[in-house]
Amino acid sequence: MTDETRDIFVTGLRNAHAMENQALSIMKPQLSRIENYPEVAAKLEQHIRETEGQIVRIEDVLAGLDEDHSSLKDMALSFTGAMAAMGHTMAGDEILKNSFANFAFENFEMAAYKSLLTVAEAGGYAAATSALLANLAEEKAMAQWLDDNLVSVTAKFLSLREAGEKAKV
């Protein structure tokens, strides 16, 4: 293990912490607006709880390294997440835009955790592996759910629109 590997690992953990805060700032506004898609609302609510647990796991790994998360990164990414979520509220197909963005973000998170696991292995940070694997598994499960349900969400959106009902959220 080199100091460079440790620095890369700590930076990656801080980035992951900020990324999960960004995820919360994206999902919470979506959840508060959903009216016609209870299955999406239930899954978002579940994943918000999972994400809060992911943040705790990352904080525990950082604490084990005598490090802390970056409040500045957390704040900056939370702000950009909130702005992204707000941008979709103006779309007539908000539920679809959110579904696309959520699927993309889950894949981004999966890539981040795969990279962190690689750095953890290279640096000898075996103690971090279980936390990172748990976070990765939750992201994979959410991405799979989004993938499995995109057709039904789209079909429901079409059905509501064709019936002249509010369909965007």
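Refer to the structure presented above.
Residues numbered from 1 in each chain as written. Predicted model: local features only at pLDDT ≥ 70, side-chain atom pairs only at ≥ 80, totals over all residues. Heavy atoms only, no water.

Colleague: I would appreciate a short explanation of the packing of aromatic side chains in the present structure.
Modeller: Each pair of aromatic rings is reported with the distance of its centres and the angle of its planes. Tallied over the entire structure, the rule returns two aromatic pairs. Between F9 and Y125 the ring centres are 4.6 Å apart and the planes differ by 10 degrees, which places this aromatic pair in the stacked class. Of this pair, F9 sits in helix α1 (residues 3-33) while Y125 sits in the loop between α4 (94-123) and α5 (126-162), and the two are 116 residues apart along the sequence. Classification of Y125 as buried rests on a relative accessible area of 10%. Here the basic side chain of K156 rests over the ring of Y37, its NZ or CZ set 5.4 Å away from the ring centre. (Phe/Tyr/Trp six-rings, centres within 6.5 Å; stacked < 30°, edge-to-face > 60°. Helix = DSSP H or I, 4+ residues; strand = E, 2+ residues; numbered from the N terminus. Buried < 20%, exposed > 50% of the residue type's maximum accessible area, 1.4 Å probe, protein only. Lys NZ or Arg CZ within 6 Å of the ring centre and 35° of its normal.)

Colleague: It is not clear to me how the nonpolar core should be interpreted in this structure. Could you clarify?
Modeller: Soluble globular proteins: nonpolar side chains tend toward being buried together. Formed by 42 residues in total, the largest nonpolar core has its most connected members in F9, L13, Y37, V40, Y113 and L132. Broken down by secondary-structure element, the contributors of at least two residues to this core are α1, α2 (38-64), α4 and α5. Here the element with the most residues in this core is α5; it accounts for 11 residues. In this structure F9 touches V61, L65, L116, V119, A120, Y125, A128 and L132, once residues within four positions along its chain are discounted. (Core = buried A, V, L, I, M, F, W, Y, C linked by side-chain atoms within 4.5 Å. Contact = heavy atoms within 4.5 Å.)

Colleague: What's the story with the packing of α2 against α4 in this structure? I'm lost.
Modeller: Relative placement of two packed helices is described by the angle separating their axes and the distance separating the axes. Closest axis-to-axis distance for the α2/α4 pair is 14 Å, and the angle between their directions is 25 degrees. In terms of orientation, α2 and α4 fall into the roughly parallel class. Relative to α4, α2 is oriented so that their crossing is left-handed. Here α2 contributes V40, L44, H47, Q54 and I58 to the contact with α4, which in turn contributes I95, N102, E106 and Y113. Here the residues of the contact of α2 with α4 are counted per class, giving five nonpolar, three polar and one charged. (Axes fitted to C-alpha atoms, helices over the stretch in contact; angles between N-to-C directions. Parallel < 35°, antiparallel > 145°, perpendicular 65-115°, else oblique. Left-handed = near helix turned anticlockwise from the far one by under 90°. Nonpolar A, V, L, I, M, F, W, Y, C, P; charged D, E, K, R; others polar.)

Colleague: Is there a simple way to explain α5 in this structure?
Modeller: Residues spaced three or four apart along an α-helix point in a common direction, a consequence of the helix completing one turn every 3.6 residues. For α5, which comprises 37 residues, the first-to-last C-alpha distance of 54 Å matches the rise-based estimate of 54 Å (1.5 Å per residue) to within 8%. Of all bends in α5, the biggest is about 45 degrees, found at N149. A positive backbone phi angle near 75 degrees is found at G164, which sits one or two residues after α5. (Expected span 1.5 Å × (residues − 1). Bend = angle between axes of the 7 residues up to and from the residue.)

Colleague: Looking at this structure, how should I read the environment of I34?
Modeller: With respect to the helices, strands and loops of the structure, I34 is situated in the loop between α1 and α2. Spatially, the C-alpha atom of I34 lies 4.8 Å from that of V169, the residues being 135 residues apart in sequence. Excluding residues within four positions of it along the chain, I34 makes contact with V40, A41, L44 and V169.

Colleague: Just checking my understanding: could you explain the environment of E106 for this structure?
Modeller: Here E106 is to be found in helix α4. Taking the relative accessible area as the measure of exposure, E106 reaches 3% and is therefore buried. Remark: the alpha-carbon pair of E106 and L158, spanning 52 residues in sequence, is separated by 25 Å. Among residues more than four places away in sequence, those in contact with E106 are H47, E139, M142, A143 and L146. Of note is the side chain of E106, whose polar atom sits 3.3 Å from the side chain of H47. (Polar contact = N/O pair within 3.5 Å; in protein donor to acceptor, adjacent residues only side chain to side chain.)

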